[in-house]
Amino acid sequence: METEQFNIRMPKGLVQDLDIISKLLKVNKSEWVKTKLAEEVHEEKNKLLMELSTLYANGMISKEKIEKLVGKEVADEMESIKVIAQKSVKHGLEYGKKLRKLHS
Amino acid sequence: MAKNSENYILDTSTLISLESINILEQVLKLFSITTTNSVIKELEEFAKHDDKYGKIAKNILKLKNKFTIESCGIRESIKYIESTDNELYNLALKKELPLVTDETKFVHHTRDKIEVYFTTVFLVILTETKYFTKKEALNKLEELRNIRNWRDNIIYLITKNQLDKL
């Protein structure tokens, strides 16, 4: 996995707490922080993207604005989900009507 | 209502979604459903566990004889999706059939190449044909939302908005 150096200064008390965790769990301090940070970042990212997609689904934000905020890839994917969700409903309605006629 | 000629290709996510809200059997009665051996293998893996998805997978596998199960060579590969999904994509291309999935990445990378829908398509069809009342359909959508952890995602909001109008 490609990595990038990311330095942060932490309060001494927090480092001491990390030492305790590391000793009790018998895990590497950096690895433990990396795992916890990854979990938190994943959850926060998903939560924020969910909020953004809710605004998008409700027509409160444009695709262009999303693209400016989080990039083209995410904006394109959100557009795909919206288009196919609408298409699924449309096809469902049309096909359902056809079936009803066929069996009435 | 008798079976129709309409044929859909279903992936693992859709089979799980449909069975989780107890409408897979009804969908199998109404439509011809095709899936792949790789999907069956994925379900067999799920079925090894005793959790929620394991139980759902076991129920789906009990209905296995009601699907058409095929294997398909991969002639055209999309690099952003897994091999199981690439097989389903190639099957949809070869057979010119619509594919139903709840995998958003899969939908995003195939929507310009094949006809693709989310599972909610069946919920709308069954409501429009009066198999469900509007209230029952909205309850099913809530169940699906919970099991899929959709929260207020785009699929949920758009489908709810439409079902509310019926």
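Below or above, wherever it landed, is the structure these notes cover. In this numbering scheme, every chain counts its residues from 1 along its sequence in written order. By the order in which they are written, chains take letters starting at A while ligands take numbers starting at 1. With the structure being a predicted model, the display of local features is reserved for residues of pLDDT at least 70 and the display and counting of side-chain atom pairs for 80 or more, all residues being used for whole-chain, interface and lining totals.

This part covers the overall build of chain A. Of the regular secondary structure elements, chain A holds four helices and zero strands. In DSSP terms, a helix is any run of H or I states spanning at least four residues, a strand is any run of E spanning at least two, and both are numbered starting from the N terminus. Helices and strands in chain A line up, N terminus first, as α-α-α-α. Relative to its length of 104 residues, chain A is extended, with a C-alpha radius of gyration of 23 Å against a globular reference of 13 Å. Judged by the C-alpha coordinates and their principal axes, chain A covers about 75 × 35 × 25 Å. As a rule, residues whose C-beta atom has 12 or fewer other C-beta atoms within 10 Å are exposed, those with 20 or more are buried, and those in between are partly exposed; C-beta atoms are placed from the backbone. When burial is assessed residue by residue, chain A has 14% of its 104 residues classed as buried. Taken over C-alpha atoms, the radius of gyration is set against a globule rule of 2.2 Å times the number of residues to the power 0.38.

Residues and elements named next belong to chain B. Strand order in this open sheet of five strands is S3-S2-S1-S4-S5, and the pairing throughout is parallel. Strands at the two margins of the open sheet, each flanked by one partner only, are strand S3 (68–70) and strand S5 (116–117). Examined bridge by bridge, strand S1 (residues 7–10) and strand S4 (residues 99–100) share two bridges and lie parallel to one another. Bridging across to S4, Leu 10 finds its partner in Val 100. Pairing between strands is defined by DSSP: at least two bridges between them are needed.

Placing a C-beta atom from the backbone of each residue, one calls two residues in contact when those atoms lie within 7 Å. Residue-level contacts link 25 residues of chain B with 27 residues of chain A. Counting only elements with at least two residues in the side of chain B that touches chain A, the list comes to helix H6 (104–110), S5, helix H7 (120–128) and helix H9 (154–165) of chain B. Of the residues in the side of chain B that touches chain A, the class split is twelve nonpolar, nine polar and four charged. Think of it as three bins: nonpolar holds Ala, Val, Leu, Ile, Met, Phe, Trp, Tyr, Cys and Pro, charged holds Asp, Glu, Lys and Arg, and polar takes everything else, Gly as well.

Core analysis: the biggest nonpolar cluster contains 54 residues, and Ala85(A), Phe122(B) and Ile154(B) have the highest contact counts within it. The contact partners of Phe122(B), leaving out residues within four places of it in the chain, are Leu18(B), Ile23(B) and Val27(B). Nonpolar cores are identified as sets of buried Ala, Val, Leu, Ile, Met, Phe, Trp, Tyr and Cys residues joined via C-beta atoms within 7 Å.

As a further point, take the packing of helix H2 (residues 29–57) of chain A against H9(B). Two numbers describe a pair of packed helices, the interaxial angle and the distance between the axes. Axis definition: a line fit to C-alpha positions, over the contact stretch in the case of helices; interaxial angles, taken between N-to-C directions, run 0 to 180 degrees. Running from N to C, H2(A) and H9(B) point in directions that differ by 30 degrees, and their axes come no closer than 9 Å. The angle between H2(A) and H9(B) places the two elements in the roughly parallel class. As for how H2(A) packs across H9(B), the hand of that crossing is right-handed. Contact residues: Ser53(A), Thr54(A), Tyr56(A) and Ala57(A) in H2(A); Ile154(B), Leu157(B) and Ile158(B) in H9(B). Split into classes, the residues belonging to the contact of H2(A) with H9(B) amount to five nonpolar, two polar and no charged. Roughly parallel covers angles under 35 degrees, roughly antiparallel covers those over 145, roughly perpendicular covers 65 to 115, and oblique covers all other angles. In this scheme, a crossing is called left-handed if the near helix is turned counterclockwise away from the far one by less than a right angle; it is called right-handed if the turn is clockwise.

Residue and element names in this part refer to chain B. For helix H5 (residues 83–95), which comprises 13 residues, the first-to-last C-alpha distance of 18 Å matches the rise-based estimate of 18 Å (1.5 Å per residue) to within 8%. Considered for burial, the residues of H5 that qualify are Asp 85, Asn 86, Glu 87, Leu 88, Tyr 89, Leu 91 and Ala 92. The inward-facing, buried residues of H5 contact S1, strand S2 (32–36), helix H3 (37–47), S3, S4 and H6. Of the residues one or two after H5, Glu 96 is the one with positive phi, at around 55 degrees. By definition here, a helix of n residues has an expected span of 1.5 Å times n minus one.

Glancing now at the environment of Asn7(B). Residue and element names in this part refer to chain B. Structurally, Asn 7 can be placed in strand S1. On the basis of neighbour counts, which here come to 14 C-beta atoms within 10 Å, the residue Asn 7 falls in the partly exposed class. With 26 residues separating them along the chain, Asn 7 and Ile 33 place their C-alpha atoms 5.7 Å apart. Excluding residues within four positions of it along the chain, Asn 7 makes contact with Phe 31, Ser 32, Thr 34 and Leu 97.

In this sheet, S2(B) lies alongside S1(B) in parallel orientation, the contact comprising three bridges. Looking at S2(B), one finds that Asn7(B) is bridged to Ser32(B).

Next up on the list: the pairing of S2(B). All names here are of chain B. With four of five residues buried, S2 lies mostly within the body of the structure. Alignment of S2 against S3, held across three bridges, turns out to be parallel. Looking at the pairing, Thr 35 lines up with Ile 69 of S3.

Purely geometric stuff here, so don't read any function into it on its own.
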